[in-house]
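# Observations on the model geometry
Below are the chains, spelled out letter by letter.
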Amino acid sequence: MLLDMLAAVARKDYNDRRRRQTQGIEKAKQAGLYRGRQADTERHAAIADMLDRGMSWSQVSAATGASRSTIKRVVDARKAHETA
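Residues numbered from 1 in each chain as written. Predicted model: local features only at pLDDT ≥ 70, side-chain atom pairs only at ≥ 80, totals over all residues. Heavy atoms only, no water.

## Some details on the overall build of the protein chain
Helices and strands together make up the secondary structure of the protein chain, namely 4 helices and 0 strands. Reading the protein chain from its N terminus to its C terminus gives the helix and strand order α-α-α-α. Computed over its C-alpha atoms, the radius of gyration of the protein chain comes to 21 Å, more than 25% above the 12 Å expected for a compact globule of 84 residues. Taking the principal axes of its C-alpha atoms as reference, the protein chain extends roughly 60 × 35 × 20 Å. With 84 residues in all, the protein chain has 14% of them scored as buried. (Helix = DSSP H or I, 4+ residues; strand = E, 2+ residues; numbered from the N terminus. Rg over C-alpha atoms; globule rule 2.2 N^0.38 Å. Buried < 20%, exposed > 50% of the residue type's maximum accessible area, 1.4 Å probe, protein only.)

Listed below in structure tokens is the structure:
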């Protein structure tokens, strides 16, 4: 029973911290101070360079440690930039 009570208190504390964090982020966004995590432009440039040299996505992923979704994000950003 004591463990159940401790688990409930821990869960409530966790939920309270998450709620307060969300409130802080919303407040910072409204003030124009929160921009989220910024893209690693150097890494994206390296990925784009490797793709330009004809490397496959798997080779780029192995060389940079980037996930396939990151590589796709770079490809999509380049396409959007080319069409704009």
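## Let's talk about the packing of helix H3 (residues 57-64) against helix H4 (residues 68-83)
Running from N to C, H3 and H4 point in directions that differ by 110°, and their axes come no closer than 10 Å. Viewed along their axes, H3 and H4 adopt a mutual orientation that is roughly perpendicular. Read as a crossing pair, H3 and H4 show a hand that is right-handed. Every residue of H4 that contacts H3 at Trp 57, Ser 58, Val 60 and Ser 61 is listed here: Arg 68, Ile 71, Lys 72 and Val 75. Per-class residue counts for the contact of H3 with H4 are 4 nonpolar, 2 polar and 2 charged. (Axes fitted to C-alpha atoms, helices over the stretch in contact; angles between N-to-C directions. Parallel < 35°, antiparallel > 145°, perpendicular 65-115°, else oblique. Left-handed = near helix turned anticlockwise from the far one by under 90°. Contact = heavy atoms within 4.5 Å. Nonpolar A, V, L, I, M, F, W, Y, C, P; charged D, E, K, R; others polar.)

## Examining the nonpolar core
Judged by nonpolar contacts, Ile 47, Ala 48, Met 50, Leu 51, Val 60, Ala 66, Ile 71, Val 74 and Val 75 together constitute the single largest core of 9 residues. Looking at this core, the elements with two or more residues in it are helix H2 (41-52) and H4. It is H2 that contributes the most residues to this core, 4 residues altogether. Discounting chain neighbours no more than four positions away, the residues touching Ala 48 are Val 74 and Arg 78. (Core = buried A, V, L, I, M, F, W, Y, C linked by side-chain atoms within 4.5 Å.)

## A short note on a nonpolar patch on the surface
Together, Leu 2, Leu 3, Met 5, Leu 6 and Val 9 give the surface a local cluster of nonpolar side chains, amounting to about 540 Å² of exposed area. Mapped onto the fold, Leu 6 is located in helix H1 (residues 2-30). (Patch = residues over 30% accessible without salt bridge, like charges linked within 9 Å, V, L, I, M, F, W, Y side chains within 5 Å. Areas by Shrake-Rupley, 256 points an atom, 1.4 Å probe, with all protein chains shown as cover. Salt bridge = Lys/Arg side-chain N within 4 Å of Asp/Glu carboxyl O.)

## A word on the packing of H2 against H3
Geometrically, a packed helix pair is captured by the angle between its two axes and the distance between the axes. The interhelical angle for the contact between H2 and H3, taken along N-to-C directions, is 145°, at an axis separation of 10 Å. For the pair H2 and H3, the crossing hand works out as right-handed. Residues Arg 43, Ile 47, Met 50 and Leu 51 of H2 form the contact with H3, whose participating residues are Trp 57, Val 60, Ala 63 and Thr 64. Classifying every residue of the contact of H2 with H3 by side-chain character gives 6 nonpolar, 1 polar and 1 charged.

Everything listed here is a matter of coordinates, which is why it stays silent on function.
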